[in-house]
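Structural characterization, general
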Amino acid sequence: MAKAIRDGAGKFSYHYPFHATIVTCHGKGKDNAMAVAWHAPISLNPPLYGVSISPRRFTLEQILEANAFAVNFMPLKYAELVAATGGSKGSDVDKFEKFNMEKEESVKINAPILKKAYAAYECELYDHATLGDHEWCVGKIVTVHYDKMAFTDKDLLDLTKVDPALYISGENYVTTLASSVRHLERNEYGNK
Ligand SMILES: Cc1cc2nc3c(=O)[nH]c(=O)nc-3n(C[C@H](O)[C@H](O)[C@H](O)COP(=O)(O)O)c2cc1C
């Protein structure tokens with residue numbers, strides 16, 4: 001395929017889709033939640049997960065104060081909550097009250113877990129670094145919350161039961177098709 005060439009990163013949207021998550025935390029005396037599309041698994045042992053948070057976010061002040069955060073994985077049917085928490089400032093409003101977001105108790109950290117998430121990681125802040133114009137916050141996953149109905153007995157996301165909310169930039173959300181799953185054994189393909 002002949003590809004167009006652009007200087008730099010262009011609109012920095014060529015890597016999408018990415019899961020539209022909501023990071024929750026408790027700091028500065030209140031619970032808060034913000035949409036986060038820049039995030040990644042980093043290490044299995046210890047289990048580390050990174051989220052990239054701009055220093056302009058109230059959430060970052062809270063995470064650095066509490067040394068903890070949670071990553072909530074949302075289904076497409078609740079993508080409005082992603083847009084809502086991404087379009088409002090926790091310094092100005094109580095997003096839980098304003099958007100009627102139901103909370104569940106976390107087990108090991110002080111941060112709310114979203115009832116509407118189909119899975120969530122409780123993370124203790126393991127490290128953080130300023131990288132460019134964002135803070136890369138690395139969390140050690142200490143507890144996982146998950147809806148048993150949303151996963152198969154092999155812990156694979158069951159796409160017949162849940163549609164993950166994926167973000168493709170420009171305020172657009174999509175999901176996956178259960179019929180698009182291709183099971184490809186790496187050993188079989190790697191040894192062809
Ligand atoms: C889909 C979506 C993804 C976002 N991803 C990020 C992100 O990865 N990092 C970030 O710093 N801001 C991101 N934002 C912006 C924040 O969610 C937004 O600025 C929010 O209002 C911050 O809330 P706070 O002021 O309560 O911390 C995203 C917004 C949306 C709508």
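The sections below set out a description of the structure shown in this document.

Points about the site of the ligand
- As a structural note, the neighbourhood of the ligand is formed by 21 residues, with Ala35, Ser54, Thr59, Ser88 and Gly90 the closest of them.
- A distance of 2.8 Å is found between an oxygen atom of the ligand and a backbone nitrogen or oxygen belonging to serine 54.
- Between an oxygen atom of the ligand and a main-chain N or O atom of glycine 86, the distance comes to 3.5 Å.
- A total of 650 Å² of accessible area belongs to the ligand in isolation, and the protein chains cover 89% of it.
- More than half of the atoms of the ligand fall within 2 Å of the grid points belonging to the largest pocket.
- For the shell around the ligand, the leading source of residues is strand β3 (residues 30–36), giving 4 residues.
- When the residues that make up the shell around the ligand are grouped by side-chain class, the tally is 9 nonpolar, 9 polar and 3 charged.

Section: the state of the cysteines
- On inspection of all chains with the given rule, the structure shows 0 disulfides.
- Counting only cysteine sulfurs, cysteine 137 is the nearest neighbor of cysteine 25, a cysteine outside any disulfide, at a range of 10.0 Å.
- Unpaired in this structure, cysteine 123 has its nearest cysteine sulfur neighbour in cysteine 137, at a distance of 10 Å.
- Relative accessible area serves as the criterion here: at 0%, cysteine 123 is assigned to the buried category.

Here we look at the layout of surface pockets
- Roughly 740 Å³ of volume is contained in the largest pocket.
- The wall of the largest pocket is formed by 33 residues, among which Met34, Ala35, Val36, Arg57 and Gly86 lie closest to the centre.
- Only β3, β5 (48–53), α1 (58–66) and α2 (79–86) provide two or more residues apiece to the lining of the largest pocket.
- Of the residues that constitute the lining of the largest pocket, the class distribution is 14 nonpolar, 13 polar and 6 charged.
- In this structure, the second largest pocket spans a volume of roughly 510 Å³.
- Elements that contribute at least two residues to the lining of the second largest pocket include exactly β1 (18–19), β4 (39–43), β5, β9 (119–131) and β10 (134–146).
- When residues in the lining of the second largest pocket are grouped by element, the largest group, 4 residues, is from β4.
- In the lining of the second largest pocket, the residues fall into 16 nonpolar, 3 polar and 1 charged.

Digging into the pairing of strand β2 (residues 21–27)
- For β2, a buried count of 6 out of 7 residues is recorded, marking the element as mostly surrounded by other parts of the structure.
- Relative to β3, β2 runs antiparallel, the two being bridged by 7 bridges. Across the sheet, isoleucine 22 pairs through a bridge with alanine 35, a residue of β3.
- Between β2 and β3, which pair antiparallel one after the other, the connecting turn spans 2 residues, and lysine 28 there sits at a positive phi close to 50°.
- With 4 bridges connecting them, β2 and strand β6 (residues 68–73) associate as antiparallel partners. Considered in β6, the bridge of threonine 24 is made with alanine 70.

About the cut-offs
Residues numbered from 1 in each chain as written. Predicted model: local features only at pLDDT ≥ 70, side-chain atom pairs only at ≥ 80, totals over all residues. Heavy atoms only, no water. Near = heavy atom within 4 Å. Polar contact = N/O pair within 3.5 Å; in protein donor to acceptor, adjacent residues only side chain to side chain. Areas by Shrake-Rupley, 256 points an atom, 1.4 Å probe, with all protein chains shown as cover. 1 Å grid on protein atoms, 1.4 Å probe; cavity = no way out; pocket = protein on both sides within 12 Å on 5 of 7 lines; lining within 4 Å. Sits in = over half its atoms within 2 Å of the grid points. Helix = DSSP H or I, 4+ residues; strand = E, 2+ residues; numbered from the N terminus. Nonpolar A, V, L, I, M, F, W, Y, C, P; charged D, E, K, R; others polar. Disulfide = S-S within 2.5 Å. Buried < 20%, exposed > 50% of the residue type's maximum accessible area, 1.4 Å probe, protein only. Points joined across faces, edges and corners; volume = space filled by probe spheres on them. Pairing = 2+ DSSP bridges.

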